[in-house]
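# Commentary on secondary and tertiary structure
Listed below, chain by chain, are the residues.
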Amino acid sequence: MIKEQFENEMKLEFTSKSSNEAFARIAVAAFVSQLDPTIEELADIKTAVSEAVTNSIIHGYENKQGIVKICGKLKDNKIILEISDSGKGIENIDVAKEPLYTTKPNLERSGMGFTIMESFMDKVEVESIVDVGTKVTMEKTIKKEDLLDEEELKITTKE
Ligand SMILES: Nc1ncnc2c1ncn2[C@@H]1O[C@H](COP(=O)(O)OP(=O)(O)O)[C@@H](O)[C@H]1O
Ligand SMILES: [Mg+2]
């Protein structure tokens, strides 16, 4: 089997309306479907995207108008997602990432957004500059279980 050598890339830009959170999550799911993820892997990615996009909308732009950007890349069987805004930025990233930490407790935020992203994705990196914006980069490798099974089958039939 010949492996594709070039990487696949997509970019999305949309207005910071909370109704676009579903659009973003579904668009990313459609893109990553090319890697044949399991339903669980797909659900994990959608949840992580949803948390990052919601953060840009409610914390970054505080529901004012702005643009949220998503850059998605597929490299072999890995998806790399960059979700960014040009909003208010985060003063202390380490503190913001702590479980239960939220600057909007009155909005019934759980403070678990970053913890959820970290537990559902393999890698999460946050870059932010106050009054400039925030970029969250996440990666997840899609396990090729079916392929493994097929290969194992071939080996057994050969013997
Ligand atoms: N894109 C962003 N722009 C500005 N601040 C952010 C952004 N994302 C997260 N934050 C800050 O990090 C905190 C923690 O985020 P998170 O773990 O998702 O919890 P929650 O959204 O429930 O507050 C937020 O309360 C907010 O202060
Ligand atoms: Mg959040």
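Scroll up to find the structure this text is about.
Residues numbered from 1 in each chain as written. Chains lettered and ligands numbered in written order. Predicted model: local features only at pLDDT ≥ 70, side-chain atom pairs only at ≥ 80, totals over all residues.

### Describing the overall build of the chain
In terms of helices and strands, the chain carries 5 helices and 5 strands. Reading the secondary structure of the chain in the N-to-C direction produces β-α-α-β-β-α-α-β-β-α. Expressed as a percentage of the 159 residues in the chain, the buried residues total 26%. Considering only residue pairs separated by 6 or more positions, the chain has 65% of its internal contacts joining residues 24 or more positions apart. (Helix = DSSP H or I, 4+ residues; strand = E, 2+ residues; numbered from the N terminus. Buried ≥ 20, exposed ≤ 12 C-beta atoms within 10 Å, placed from the backbone. Contact = placed C-beta atoms within 7 Å.)

### A short note on the site of ligand 1
Near ligand 1 you find 22 residues, and of these Asn55, Ala96, Thr102, Arg109 and Gly113 are the closest. Those elements giving two or more residues to the shell around ligand 1 turn out to be helix H2 (39–60) and helix H4 (113–120). Classifying every residue of the shell around ligand 1 gives 5 nonpolar, 12 polar and 5 charged. (Near = placed C-beta within 6 Å. Nonpolar A, V, L, I, M, F, W, Y, C, P; charged D, E, K, R; others polar.)

### A short note on H4
For H4, the complete set of buried residues consists of Gly113, Phe114, Met117 and Phe120. Buried residues of H4 fall within an arc of 140° about the axis and therefore sit on the same side. On its buried face, H4 sits against H2, helix H3 (93–97), strand S4 (123–129) and strand S5 (133–141). (Arc of directions from axis to C-beta.)

### Details of the sheet that holds strand S3 (residues 78–85)
Two modes of strand pairing occur in sheets, parallel and antiparallel, and in both the strands are linked by backbone hydrogen bonds. Strand order in the open sheet formed by 5 strands is S1-S2-S3-S5-S4, with antiparallel pairing between adjacent strands. A single partner strand is all that each edge strand has here, and the edge strands are strand S1 (8–15) and S4. Neighbour-to-neighbour, the strand axes of the sheet open up by a mean angle of 10°, direction not taken into account. Alignment of S4 against S5, held across 7 bridges, turns out to be antiparallel. Bridge pairing in S5 links Glu125 to Thr137. Across the sheet, helix H1 (residues 20–32) is in contact with S1, strand S2 (67–75) and S3; its angle to S1 comes to roughly 170°. Those strands touched by H2 are S2, S3 and S5, and its axis lies near 10° from that of S3. (Pairing = 2+ DSSP bridges. Axes fitted to C-alpha atoms, helices over the stretch in contact; angles between N-to-C directions.)

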